[in-house]
2 protein chains.
Amino acid sequence: MTESTRPMRRQDIRRENEKAILLAAEKVFAEAGFGGATMQLIADLAGLPKANLHYYFATKEELYRSVVQNIFEIWLQAANCFDAARGPIDGISAYIDAKMEISRRHPDGSKVWASEVMHGAPVLQDYMESTLREWTDGRVEIIRRWIDEGKMDPVDPRHLLYMLWATTQHYADFGHQIETLNGGKSLSDRQWREAKENIKRVILTGIGAQPA
Amino acid sequence: MTESTRPMRRQDIRRENEKAILLAAEKVFAEAGFGGATMQLIADLAGLPKANLHYYFATKEELYRSVVQNIFEIWLQAANCFDAARGPIDGISAYIDAKMEISRRHPDGSKVWASEVMHGAPVLQDYMESTLREWTDGRVEIIRRWIDEGKMDPVDPRHLLYMLWATTQHYADFGHQIETLNGGKSLSDRQWREAKENIKRVILTGIGAQPA
DNA sequence: CTGAAAGCTGACCATACGGTCAGGATGCAA
DNA sequence: TTGCATCCTGACCGTATGGTCAGCTTTCAG
């Protein structure tokens, strides 16, 4: 009868608690915004006393910063899809798939990210001016090359990227609206698939994407 | 030397103050979210003592509700573009133009609306289940007709609408990100025009829109 | 086994915020 | 001019919240 939750090692304790806190924080920040979120609520959701939160994260800002940085990592990882691709059909399809998967699996994270940007990116400004800018410039180059190689119509790469971000992110950020218009039910597997297919089809057709 | 601001009639006073408060509130709610906004900040921005705000709007919630409802009106008005149109090219072009103009002229309003929906539409749930649903169903019908008449490819009307909402709203909600990637400068007239043209072109091409 | 480091927490504090109110100022109809 | 309704506001209040801390328990290296 060795209680499986009992013998916790220091490392495990730290990892698990931080994880629980970050998860709870992500949800609360997503639902209430930074200003509306309370440490008490996050603590309750994480199943820990409030003072324990401050043991791991000194301030609300620090906790928020951690949450936002986590999201940003995930967000950037979806980028890799773009790189391996030979042409717009592969690359953009994969990117849309990846970002839609994020919208579906991490809606809270997406909302926190959206909220952060909407409020002027007080925490992530540095990242936006360095990492994000570099990433974007890189993809702009790739798209430009595709255009030069006749693999797609000459569409402004930046506006195309914005379009990809917007359409995919919308399913997370405005998920509540979509649910309401869907009879109050969240999208089914089939509907998610249809959403992805529609987006891909419209955009790939719209930019005149040619097989590599 | 009749000071032009002096002789205020009751009606004018009320109208002007409410207007100033709503404008200030829109900005503060957009920048800080509902939870992060404070009545004091709104009062300062409106140039009135805090207690005066409570004279016109009993509670923070009531003020917020007014702001959100205003936005919703504007949002719905852009809908009319759709109705008069003979086909997808006219209708969708006009709608994109209208919504982009809203994103440009009322970015704060757009953000408040986005925030409201992201947080589960606590204030606007009723509207979403009635007005918005009706509006959406109506447009879905129109798009379906266009498809039946061979004026465009058989694209899922709902996902098309989401795409229109997402792409246009993105320029307001994520305006800060776009500015940052634009070298820290807000988009020029020319860039706004390009944005609109790109969106229109990609989407209209993407759905195979045929001249009416 | 032992001591120190890490983990934990109830009780507490200062502040900021939404909201109230008594009473003064102002526009206006009669 | 007068009386009243509207408009205005400084001072105040209760509460909720972020954050602190003293002292407890638990882990674990030596």
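Residues numbered from 1 in each chain as written. Chains lettered and ligands numbered in written order. Predicted model: local features only at pLDDT ≥ 70, side-chain atom pairs only at ≥ 80, totals over all residues. Heavy atoms only, no water.

- Going by what an unreviewed UniProt entry lists, chain A is known as TetR/AcrR family transcriptional regulator and is assigned to Mesorhizobium atlanticum.

## Some remarks on the overall build of chain A
Part 1: Secondary structure summary: chain A contains 11 helices and 0 strands in total.
Part 2: Sequence-ordered secondary structure for chain A, helices as α and strands as β, is α-α-α-α-α-α-α-α-α-α-α.
Part 3: Projected onto its principal axes, the C-alpha positions of chain A cover 65 × 40 × 40 Å.
Part 4: Buried positions account for 51% of the 212 residues belonging to chain A.
Part 5: The contacts of chain A with a sequence gap of at least 6 include a subset with a gap of at least 24, amounting to 69%.
Part 6: For chain A, the accessible surface area stands at approximately 10,200 Å², while carbon and sulfur atoms represent 48% of it. (Helix = DSSP H or I, 4+ residues; strand = E, 2+ residues; numbered from the N terminus. Buried < 20%, exposed > 50% of the residue type's maximum accessible area, 1.4 Å probe, protein only. Contact = heavy atoms within 4.5 Å. Areas by Shrake-Rupley, 256 points an atom, 1.4 Å probe, with all protein chains shown as cover.)

## A closer look at the pattern of salt bridges
Residues and elements named next belong to chain B.
Part 1: Per the stated rule, a full pass over the model turns up 25 salt bridges over all chains.
Part 2: Here Arg-139 ties to Asp-83 by a salt bridge, and the two come within 2.1 Å at their closest N and O atoms. Remark: Asp-83 occurs in helix H5 (residues 80-84) and Arg-139 occurs in helix H8 (residues 125-148); sequence separation between them is 56 residues. (Salt bridge = Lys/Arg side-chain N within 4 Å of Asp/Glu carboxyl O.)

## Comments concerning the UniProt feature "DNA-binding region" (unreviewed entry) in chain A
Part 1: According to UniProt, the feature "DNA-binding region" (unreviewed entry) maps to residues 38-57 of chain A in the numbering used here.
Part 2: Structurally, residues 38-57 of chain A is divided into 75% helix and 0% strand, and its ends, taken at the C-alpha atoms, are 14 Å apart. (UniProt positions renumbered as here; feature names shortened; annotations may be inferred.)

## Observations concerning the interface of chain A and chain B
Part 1: The interface is formed by 54 residues belonging to chain A together with 54 residues belonging to chain B.
Part 2: Summing both partners gives a buried area of about 4,700 Å² for chain A against chain B, and 65% of it is carried by carbon and sulfur.
Part 3: In terms of surface lost to chain B, no three residues of chain A exceed Met118(A), His159(A) and Leu181(A), which account for 16% of the buried area on that side.
Part 4: One can count 0 salt bridges joining chain A with chain B.
Part 5: At the junction of chain A and chain B, the tally comes to 11 residue pairs in polar contact (both at pLDDT 80 or more). (Buried area = accessible area lost by both parts, 1.4 Å probe. Polar contact = N/O pair within 3.5 Å; in protein donor to acceptor, adjacent residues only side chain to side chain.)

## Topic: the UniProt feature "domain: HTH tetR-type" (unreviewed entry) in chain A
Part 1: When the UniProt feature table is mapped onto this chain, "domain: HTH tetR-type" (unreviewed entry) is found at residues 15-75 of chain A.
Part 2: Taken end to end, residues 15-75 of chain A has its terminal C-alpha atoms 22 Å apart, with 87% of it in helix and 0% in strand.

## What about the packing of helix H1 (residues 10-36) of chain A against helix H2 (residues 39-46) of chain A?
Residue and element names in this part refer to chain A.
Part 1: Between H1 and H2, the shortest axis-to-axis distance is 8 Å and the interhelical angle comes to 130 degrees. If you check the angle between H1 and H2, you find them oblique. Helix-helix and strand crossings are classified by hand; for H1 and H2 the assignment is right-handed. Facing H1, whose interface residues are Ala-20, Ile-21, Ala-24, Ala-25, Lys-27, Val-28 and Phe-29, H2 presents Leu-41, Ile-42, Leu-45 and Ala-46.
Part 2: Considered class by class, the residues forming the contact of H1 with H2 number 10 nonpolar, no polar and 1 charged. (Axes fitted to C-alpha atoms, helices over the stretch in contact; angles between N-to-C directions. Parallel < 35°, antiparallel > 145°, perpendicular 65-115°, else oblique. Left-handed = near helix turned anticlockwise from the far one by under 90°. Nonpolar A, V, L, I, M, F, W, Y, C, P; charged D, E, K, R; others polar.)

## A short note on the protein's contact with DNA strand C
Part 1: Close contacts around DNA strand C come from 21 residues, with Arg14(A), Tyr55(A), Tyr56(A), Lys50(B) and Lys60(B) the closest.
Part 2: When the atoms of DNA strand C within 4 Å of the protein are sorted by group, sugar and phosphate make up 59%.
Part 3: Contacts to DNA strand C include Arg14(A), whose side-chain N or O atom sits 2.4 Å from a phosphate oxygen.
Part 4: The separation between a base oxygen of DNA strand C and a polar side-chain atom of Lys50(B) is 2.8 Å.
Part 5: Residue assignment for the surface near DNA strand C shows that the elements contributing at least two residues are H1 and helix H3 (50-56) of chain A together with helix H3 (50-56) and helix H4 (60-77) of chain B.
Part 6: Split into classes, the residues belonging to the surface near DNA strand C amount to 9 nonpolar, 5 polar and 7 charged. (Near = heavy atom within 4 Å.)

## Examining the relation of the copies chain A and chain B
Part 1: Under the fitted operation, chain A is carried onto chain B by 0.0 Å of movement along the axis and a turn of 180 degrees, and the coordinates agree to an RMSD of 0.1 Å. Taken together, the rotation angle and the small translation identify this as a two-fold axis. Relative to the rotation axis, the C-alpha of Gly206(A) is the closest in chain A, positioned 1.8 Å from it.
Part 2: In this assembly, 100% of the residues forming the interface of chain A have copies in chain B that are likewise at the interface, indicating an isologous arrangement. (Least-squares fit on C-alpha atoms with pLDDT ≥ 70 in both.)

## As for the protein's contact with DNA strand D
Part 1: In the region of DNA strand D, 21 residues are neighbours, and Arg10(A), Lys60(A), Arg14(B), Tyr55(B) and Tyr56(B) sit closest.
Part 2: When the atoms of DNA strand D within 4 Å of the protein are grouped by moiety, sugar and phosphate amount to 60% of the total.
Part 3: The backbone of Lys60(A) places a nitrogen or oxygen atom 2.6 Å from a phosphate oxygen of DNA strand D.
Part 4: Tyr56(B) has a polar side-chain atom sitting 2.4 Å from a phosphate oxygen of DNA strand D.
Part 5: For the surface near DNA strand D, the secondary structure elements donating two or more residues are H3 and helix H4 (60-77) of chain A together with helix H1 (10-36) and H3 of chain B.
Part 6: Broken down by class, the residue content of the surface near DNA strand D amounts to 9 nonpolar, 5 polar and 7 charged.

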